[in-house]
Amino acid sequence: MTLYKKNFGKQGEDIAFQYLIDHDFKIIDRNFRSKFGEIDIIAQKGNKLFFVEVKTRSNLKKGMPYEAINKRKIHQMKKASTYFLMQNNYKDLKYTLSAFSILFINLNDYRLHFFESID
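Residues numbered from 1 in each chain as written. Predicted model: local features only at pLDDT ≥ 70, side-chain atom pairs only at ≥ 80, totals over all residues. Heavy atoms only, no water.

A.B. asks: Before we go on, may I ask you to explain the pattern of salt bridges in this structure?
C.D. replies: A side chain of one charge can pair with a side chain of the opposite charge when the charged atoms of the two come close. For the coordinates displayed, the defined rule picks out six salt bridges. The residue Arg30 makes a salt bridge to Asp14 at a minimum N-O spacing of 2.7 Å. Taken together, the residues span a long stretch of sequence, with Arg30 in strand 1 (residues 26-34) and Asp14 in helix 1 (residues 3-22) at a distance of 16 residues. Residue Asp14 is classed as partly exposed on the basis of its relative accessible area, which comes to 31%. (Salt bridge = Lys/Arg side-chain N within 4 Å of Asp/Glu carboxyl O. Helix = DSSP H or I, 4+ residues; strand = E, 2+ residues; numbered from the N terminus. Buried < 20%, exposed > 50% of the residue type's maximum accessible area, 1.4 Å probe, protein only.)

Here it is in structure tokens:
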């Protein structure tokens with residue numbers, strides 16, 4: 001992955017992070033890594049944990065950002081989130097897989113969609 005793509009992805013994650021904060025989510029972890037894969041953001045609101053994937057694009061050549069979240073990615077997210085739950089004490093909480101789709105129109109303008117449940 002090029003440095004540009006990595007920084008661009010981080011910019012999208014920062015936007016998603018701020019959205020969650022602004023909407024009263026408590027951030028539990030960012031960039032959680034396991035042998036099963038990575039979860040971009042883990043957040044809590046009420047009695048529910050959200051395992052969040054963030055997809056960011058600057059154009060539509062490969063489709064909308066959310067279209068990159070396929071069955072394989074969802075399967076990986078399920079495995080990584082299960083591993084997280086086994087390693088941490090969140091037994092009383094419900095959980096869901098979520099996603100942000102962020103499409104930049106230009107440097108200062110973007111379209112954000114939050115999919116609260118993709119599983």
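A.B. asks: Quick question: what am I supposed to make of the nonpolar core here?
C.D. replies: Here is a general trend for soluble globular proteins: nonpolar side chains tend to be buried in one another's company. Counting 13 residues, the largest nonpolar core has Leu20, Phe25, Ile41, Val52, Val54, Phe100 and Ile102 as the members making the most contacts within it. Elements that contribute at least two residues to this core include exactly helix 1, strand 2 (37-45), strand 3 (48-57) and strand 4 (94-106). Those residues in contact with Val52, other than ones at most four positions away along the chain, are Ile39, Asp40, Ile41, Met77, Ser98, Ala99 and Phe100. Grouped together as the second largest cluster of nonpolar side chains are 12 residues, Ile42, Leu49, Ile69 and Ala80 included. (Core = buried A, V, L, I, M, F, W, Y, C linked by side-chain atoms within 4.5 Å. Contact = heavy atoms within 4.5 Å.)

A.B. asks: Which parts of the structure should I look at to understand the sheet that holds strand 2?
C.D. replies: Strands in a sheet are paired, the pairing made by backbone hydrogen bonds, and the direction either parallel or antiparallel. Taken in spatial order, the five strands of this open sheet run 1-2-3-4-5, and their pairing is mixed. Each end of this open sheet is capped by a strand with a single partner; those strands are strand 1 and strand 5 (109-115). Ignoring which end each strand starts from, the neighbouring axes of this sheet average 25° apart. In the sheet, strand 4 pairs with strand 5 via seven bridges, with the strands oriented antiparallel. Bridge pairing links Leu103 to Arg111 in strand 5. Packing of helix 2 (residues 71-87) onto the sheet brings it into contact with strand 1, strand 2, strand 3 and strand 4, and relative to strand 3 it is tilted by some 140°. (Pairing = 2+ DSSP bridges. Axes fitted to C-alpha atoms, helices over the stretch in contact; angles between N-to-C directions.)

A.B. asks: Any chance you could explain the side chain of Ser34 here in plain terms?
C.D. replies: Here Ser34 is to be found in strand 1. The exposure class of Ser34 is buried, given its relative accessible area of 17%. If we ignore the near neighbours within four places in the chain, the residues touching Ser34 are Ala80 and Tyr83.

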